[in-house]
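Read off the chains here:
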Amino acid sequence: MAEITAAMVKELREKTDAPMMECKKALTEAGGDMARAEEILRVKLGNKASKAASRVTAEGVVGIHLTDDGRTGAIVELNCETDFVAKNDDFLKLAADLAQLVVERSPADVDALSALPMGDTTVDEYRKALIGRIGENLSIRRFARREAEGKLASYLHGGARIGVLVDLVGGDEVLAKDLAMHIAASKPKALAQDGVAAEDIERERSVAQLKADEEQAKAAAAGKPGKSPEILAKMVDGAVNKFLKEVTLLGQPFVKDDKQTVEQLLKSRSAQIAAFTLYVVGEGIERKQSDFAAEVAAQAAAASGR
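This text gives an overview of the structure that appears in the document.

The rules behind the values
Residues numbered from 1 in each chain as written. Predicted model: local features only at pLDDT ≥ 70, side-chain atom pairs only at ≥ 80, totals over all residues. Heavy atoms only, no water. Helix = DSSP H or I, 4+ residues; strand = E, 2+ residues; numbered from the N terminus. Buried < 20%, exposed > 50% of the residue type's maximum accessible area, 1.4 Å probe, protein only. Contact = heavy atoms within 4.5 Å. Areas by Shrake-Rupley, 256 points an atom, 1.4 Å probe, with all protein chains shown as cover. Salt bridge = Lys/Arg side-chain N within 4 Å of Asp/Glu carboxyl O. Core = buried A, V, L, I, M, F, W, Y, C linked by side-chain atoms within 4.5 Å. Expected span 1.5 Å × (residues − 1). Arc of directions from axis to C-beta. Pairing = 2+ DSSP bridges. Axes fitted to C-alpha atoms, helices over the stretch in contact; angles between N-to-C directions. Phe/Tyr/Trp six-rings, centres within 6.5 Å; stacked < 30°, edge-to-face > 60°. Lys NZ or Arg CZ within 6 Å of the ring centre and 35° of its normal.

Helix and strand content of the protein chain: eleven helices and ten strands. Looking at the 306 residues of the protein chain, the share that counts as buried comes to 39%. Relative to all contacts within the protein chain whose residues are 6 or more apart in sequence, the contacts with residues 24 or more apart total 64%. Looking at the protein chain as shown, the accessible area adds up to about 16900 Å², and 51% of this sits on carbon and sulfur atoms.

Taken as a whole, this structure holds 17 salt bridges when the rule is applied. E59 is the salt-bridge partner of R161, the closest N and O atoms lying 2.7 Å from each other. In this pair, R161 is assigned in the loop between β6 (151-157) and β7 (162-169) and E59 in strand β1 (residues 59-66), connecting sequence segments 102 residues apart. Judged by its relative accessible area of 26%, R161 is partly exposed. Residue R145 is joined to E147 by a salt bridge in which the shortest nitrogen-to-oxygen separation is 3.0 Å. Note on R145: relative accessible area 30%, which makes it partly exposed. Under the relative-accessibility criterion, E147 is labelled exposed at 55%. What you see here is one network of salt bridges that share partners, running through D124, E125, R127 and K128.

By size, the foremost hydrophobic cluster in this structure holds 25 residues, and its most contacted members are F91, L98 and L113. Ranked by residues supplied to this core, first place goes to helix α4 (residues 89-105) with eight residues. Dropping the residues within four chain positions of it, L98 is found in contact with V76, L78, L113, M118, V123 and I140. Residues L175, A176, A180 and L266 belong to the second largest nonpolar core, which totals 23 residues.

Looking at where D200 falls in the secondary structure, it is placed in helix α8 (residues 198-221). With sequence-adjacent residues up to four places away left out, D200 is seen in contact with K189 and F243.

Moving on, we come to helix α6 (residues 123-134). Look at α6: 16 Å from first C-alpha to last across twelve residues, which is about the 16 Å you get at 1.5 Å a residue. Within α6, the full set of buried residues consists of V123, R127, L130 and I131. Burial along α6 is one-sided: seen end-on, the buried residues are contained in an arc of 110°. Exposed side chains of α6 directed beyond 90 degrees from the buried face belong to G132 and R133. Summarising the contacts, the buried residues of α6 are in contact with α4, α5 (110-114), β3 (117-118), β4 (121-122) and β5 (139-147).

Read across the sheet, three strands follow the order β1-β2-β5 without closing on themselves; strand pairing throughout is antiparallel. Each edge of the sheet is formed by a strand with only one pairing partner; in this case those strands are β1 and β5. Mean inter-strand twist for the sheet, computed between neighbouring axes without regard to direction, equals 10°. In this structure, β1 lies alongside strand β2 (residues 72-80), joined through eight bridges in antiparallel fashion.

As enumerated under the stated definition, the model contains zero aromatic pairs in all. It is R142 that lies over the ring of Y279; its NZ or CZ is 4.0 Å from the centre.

Another aspect to go through is the pairing of β2. Counted residue by residue, β2 has nine buried out of nine residues, so it is predominantly covered. With burial as the criterion, each face of β2 is covered, one bearing T72, A74, V76, L78 and C80 and the other bearing G73, I75, E77 and N79. Linking β1 back to β2 in an antiparallel pair, the connection comprises five residues, with G70 at a positive phi of about 70°.

As a further point, take the pairing of strand β9 (residues 257-261). The pairing of strand β8 (residues 253-254) with β9 spans two bridges and is antiparallel. Residue pairing across strands places P253 opposite T261, the latter belonging to β9. In this antiparallel pair of consecutive strands, β8 and β9, the connection spans two residues.

What follows is the structure, given as structure tokens:
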């Protein structure tokens, strides 16, 4: 009989979410056959072991498709559970095919995209079939379709974990590509200051005000005169303006020449950015953290009656 190792138990645990001791029993009964052990758990535990649809998909890739004339494009985030599957050829092809579908069919949302035909089935049925073949949950998280005011350029970075679609009016292909690479590197939140969320600005203002208040308190505690309300207000405004320059594309120093901002670069080239879309895979998704060693210890303690 094959030796049942802790690594095997952990792998089955992660695949099924079944209790650790149940995983060990199933592996023992299956003689170490992982697929057979999973089937045993499905029989014993029913839907509790069929948890693929509930597993967190925080890995994946960005797929991009542009028409030949650069006038229409789409960007899609397709998620999976592990970085290993994110490199799977079938997974990568699905991301590319989805982006092309978005360009060609212009679905309203992810549900509409999922209902579109793909071969002799639908996108959603194809996705489910691929889940069965790969053994991981796969999900279409989001997409954006853009019809350009100028011409679209794209950039994928880090194994397609970061994707950019940028609409440049004027300029040339080299400038467009440079700007797409800048966006991937600097990750602006908005094109200009009016696009930054009000709550983000207020949060920065609150932090700056707190720092100013702390400085005043330290001065008072040391018996020193504090700054005037006017100076404090300017300090807070200065901190907010610094934040806005850091998070807006036009205000950022250009990555290939930090002596000029992106806005200055565009003016020098008689160009402008109409819009951009930046996707970072898994951004904002809470990843489940598990401590397998602690779980083993807890299960062992329970088994011994301690």
